[in-house]
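A look at the structure
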2 protein chains.
Amino acid sequence: MTEDEVIRFLERFLPSAPGLVQGPGDDCAVVDLGDRWWLLTADAMVEGVHFSLSYFTPYFLGRKLAAVNLSDVAAMGGQPRFALLTLAFPAPPEEDFLRDFLEGLTSKLAAYGAHLVGGDTVKGPALQGDLALIGEAAAGAVVFRQGARPGDLIFVSRPLGASAMALELFQKGEDPPEPLKRAHLDPEPEVELGRVLAEEGLASAMLDVSDGLLKDLSRLCRASGVGAEVEEEAVPLAVDELPGLSRPLRDYALFGGEDFALLFTVPREKERALRSRLASLSRKPHRLGRIVPGEKLLLRRADGAAEEVSPEGFDHFA
Amino acid sequence: MTEDEVIRFLERFLPSAPGLVQGPGDDCAVVDLGDRWWLLTADAMVEGVHFSLSYFTPYFLGRKLAAVNLSDVAAMGGQPRFALLTLAFPAPPEEDFLRDFLEGLTSKLAAYGAHLVGGDTVKGPALQGDLALIGEAAAGAVVFRQGARPGDLIFVSRPLGASAMALELFQKGEDPPEPLKRAHLDPEPEVELGRVLAEEGLASAMLDVSDGLLKDLSRLCRASGVGAEVEEEAVPLAVDELPGLSRPLRDYALFGGEDFALLFTVPREKERALRSRLASLSRKPHRLGRIVPGEKLLLRRADGAAEEVSPEGFDHFA
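Predicted, not measured: the structure shown is a model, and the values here were computed from it. (Residues numbered from 1 in each chain as written. Chains lettered and ligands numbered in written order. Predicted model: local features only at pLDDT ≥ 70, side-chain atom pairs only at ≥ 80, totals over all residues.)

What about the overall build of chain A?
Scanning chain A for helices and strands turns up nine helices and 13 strands. The C-alpha atoms of chain A give 19 Å as radius of gyration, which agrees with the globular expectation for 318 residues (20 Å, within 12%). On the principal axes, the C-alpha backbone points of chain A span a range of 55 × 55 × 45 Å. Residues counted as buried form 54% of the 318 residues belonging to chain A. (Helix = DSSP H or I, 4+ residues; strand = E, 2+ residues; numbered from the N terminus. Rg over C-alpha atoms; globule rule 2.2 N^0.38 Å. Buried ≥ 20, exposed ≤ 12 C-beta atoms within 10 Å, placed from the backbone.)

Next up, the structure:
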């Protein structure tokens, strides 16, 4: 079973719980507590699979683990609050390592209003950090993956591909330019923007770009029962040029993972309101295309030709 | 750093979060949400460290992972509600394995009123299941580790040692008697009893026996700033005799891990109320001794001699 198959299996398998607004299959599970909704998410990072200590210091490893989870709460439009850490170590941890890792983790959480409140440490064959994060939102003020309708416009919150470019350079033993390095080691979860889009009802569907634009867009489309048409030239690239990469820049933006930008759809009649709200936050809109009926994902090239694409992204089991 | 040193490091390191009633250092973190308190806990099981598939089927592995976490919520007196699972696999999981594991996990959660609502699957070098569990309680109706006072009586909710005895037999390739097998593979978290003790204000301090009676009692004492005197003869044993074990039966009750009984202290003036309440639940009281001033843990033998004991329990890093 691939990762997506496991997730679909979980979705089919799990019965609905009392008070559960949204179960597996979105960035967070959502639980109804009356006037507040709680958002629950968990994400893990395993040494040798998701990172290497050859380019991650313990401090940035802590920050990245926080960011990955904060981004899931951001993608629903929530406010992160409390985190639980489970840390597996192959050998008793060094105090320096633990301090640096926790300083990274807690500083990143605190920057977005969240706090580490507990957890567990265990022995294991590889260094593995699992974080469970709890966020909150006003009841109803949450954006799911499944709200996109034909005609809605597709936006992404910032240029894409920087994290995957940095990863390739790290893996070759090279030193990426500083902004790319930061995009991979210390990505910025879009907590503020996510809240604005949810609280002001601007987005009809949303998720974060964690496994590549096309793969994540195909998830949004599947959840909403729609298709999408993306203009290739409209996909914003993290850099204009960068020597030493094995593939065209555009590939990193379309297929590269771990950008943690927000990908969201906006009803056409709200585009003006969105643009003026983004301007007030000094943020630039990046409109990629539009939602269409059907289930296909079409990539339209500059010459007007449209090609159906398969969302080959990053799969941990591929 | 040993596991206890890591936990103490975390306690010192982590600043207090807004709304946080209790941080790391108890069975759950406790968060104030107005009229309800939420209890947050996370516990992991790693293949080769916490279990072997030579004696765990996937179904019972799921039930055990649920039980370990349910017991943490029980130990605060809470009602379990929502769980997040992170599952690491060395290879793409088989559908049969996943189904059996999830059936075990979700059936055990459901038996205590809790539901799996989300999570993450990742590739990793060993099979590892991490569960984060969220429980709730009425504001203030929670029992911490730190409330024991000199003169309080010490109780345990049921006989001890069965899980550690079964584990030794499993590891020798033998087949333990059914009740012992069940104690290790499918332990019963004391959710109902924990709630009664908390809601009716009967216990002054409480935790669950996860790492051995003496080790966990020493944690309760350290948290409360007190000592304890335990009558060795009063410690209830899971079995009267069992051939083939390497150590005296009493050692398994004093030092054996994973019993998941509740260990709690009761002010002397509430002993009568406790006994009558336990009788109404058809539960037997097991009084072990009493809390004393100072910080020592004394084990009093049948001949009246008291020996200071060191809480040698189960340490994952030992």
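Next comes the rest of the write-up.
Some points on the sheet that holds strand S10 (residues 262-266) of chain A
Residues and elements named next belong to chain A. An order of S8-S10-S7-S11-S9-S12-S13 is seen for the seven strands of this open sheet, with the pairing classed as mixed. Edge positions in the sheet fall to strand S8 (205-208) and strand S13 (306-308), since each has one partner strand and no second. Strand after strand, the sheet turns through a mean of 25° between neighbouring axes, direction not considered. Pairing of S8 with S10, which is carried by four bridges, proceeds in the antiparallel orientation. Within S10, the residue paired with leucine 207 across the bridge is leucine 263. The strands that helix H7 (residues 213-224) touches are strand S7 (153-156), S8, strand S9 (227-231), S10 and strand S12 (297-300); relative to S8, the one it contacts most, it runs at about 145°. (Pairing = 2+ DSSP bridges. Axes fitted to C-alpha atoms, helices over the stretch in contact; angles between N-to-C directions. Contact = placed C-beta atoms within 7 Å.)

Thoughts on the interface of chain A and chain B
Listed as interface residues are 48 residues of chain A and, on the opposing side, 48 residues of chain B. Elements supplying a minimum of two residues to the side of chain A that touches chain B: helix H1 (3-13), strand S2 (29-32), strand S3 (36-46), strand S4 (79-89), helix H3 (95-111), strand S5 (115-123) and strand S6 (128-138) of chain A. The leading source of residues in the side of chain A that touches chain B is S5 of chain A, at nine residues. Residue composition of the side of chain A that touches chain B, grouped by class: 30 nonpolar, 12 polar and six charged. (Nonpolar A, V, L, I, M, F, W, Y, C, P; charged D, E, K, R; others polar.)

A few points about the nonpolar core
Counting 212 residues, the largest nonpolar core has Ala83 and Leu263 of chain A together with Ala83 and Leu263 of chain B as its most contacted members. Dropping the residues within four chain positions of it, leucine 263 of chain A is found in contact with Val156, Met206, Leu207, Val209, Leu213, Asp216, Leu217 and Leu220 of chain A. (Core = buried A, V, L, I, M, F, W, Y, C linked by C-beta atoms within 7 Å.)

Quick notes on the relation of the copies chain A and chain B
Superposition record for chain A on chain B: RMSD 0.0 Å, screw rotation 180°, translation along axis 0.0 Å. Look at the turn and shift together and you get a two-fold axis relating the two. Here 100% of the contact residues of chain A are again contact residues in chain B; the copies associate through an equivalent surface. (Least-squares fit on C-alpha atoms with pLDDT ≥ 70 in both.)

Some words on the domain arrangement of chain A
Residues and elements named next belong to chain A. With domains assigned, chain A is organised as domain 1 (3-138) and domain 2 (153-308). Measuring from the centre of the C-alpha atoms in domain 1 to the corresponding centre in domain 2 gives 22 Å. Counting only elements with at least two residues in the side of domain 1 that touches domain 2, the list comes to helix H2 (58-74) and S4. Among the elements that make up the side of domain 1 that touches domain 2, the one with the highest residue count is H2 (eight residues). Considered class by class, the residues forming the side of domain 1 that touches domain 2 number 10 nonpolar, four polar and four charged. (Domains from an automatic or database assignment.)

Considering unusual backbone geometry
Residue and element names in this part refer to chain B. In the Ramachandran plot, glutamate 258 falls in the positive-phi region, its phi being about 65° despite a non-glycine side chain. Of note, glutamate 258 is situated in the loop between helix H8 (249-255) and strand S10 (262-266). On the neighbour-count criterion, glutamate 258 (23 C-beta atoms within 10 Å) is buried. Positioned with a positive phi, serine 282 is a non-glycine residue whose angle comes to about 55°. In this structure, serine 282 sits in the loop between helix H9 (271-280) and strand S11 (286-292).

Let's talk about the sheet that holds strand S3 (residues 36-46) of chain B
Residues and elements named next belong to chain B. An order of S1-S2-S3-S6-S4-S5 is seen for the six strands of this open sheet, with the pairing classed as mixed. Either end of the sheet is taken by a strand with one partner, and the two such strands are strand S1 (20-22) and strand S5 (115-123). Strand-to-strand twist of the sheet, defined as the mean angle between neighbouring strand axes without regard to direction, takes the value 20°. Where S1 lies against strand S2 (residues 29-32), two bridges are found, and the strand directions are antiparallel. Residue pairing across strands places leucine 20 opposite valine 31, the latter belonging to S2. On top of the sheet, helix H3 (residues 95-111) reaches strand S4 (79-89) and S5; it is set at about 150° to S5, its chief contact.

A few points about the confidence of the model for chain A
Residue and element names in this part refer to chain A. Per-residue confidence for chain A gives a mean pLDDT of 92; residues scoring 70 or more make up 97%. Overall, residues 313-318 carries pLDDT values under 50, and its contacts beyond four positions in sequence, including any with other chains, amount to 20 contacts. Taken over the whole predicted complex, pTM reads 0.93, whereas the ipTM for its chain interfaces reads 0.90. (pLDDT = per-residue confidence, 0-100.)

As for the environment of alanine 148 of chain A
All names here are of chain A. For alanine 148, the location among the structural elements is in the loop between S6 and S7. Under the C-beta neighbour-count criterion, alanine 148 is labelled buried, with 29 such atoms within 10 Å. Counting along the chain gives 76 residues from alanine 148 to serine 224, while the straight-line C-alpha distance between them is 5.5 Å.

Regarding the pairing of strand S12 (residues 297-300) of chain B
Residues and elements named next belong to chain B. In the sheet, strand S9 (residues 227-231) pairs with S12 via four bridges, with the strands oriented parallel. Pairing of glutamate 231 across the sheet is with arginine 300, part of S12. Here S12 runs beside strand S13 (residues 306-308); their pairing, made up of three bridges, is antiparallel. When the sheet's bridge partners are listed, arginine 300 is paired in S13 with alanine 306. Hairpin connection between S12 and S13: a loop of five residues separates the two successive antiparallel strands, and glycine 304 in this loop has a positive phi of roughly 95°.

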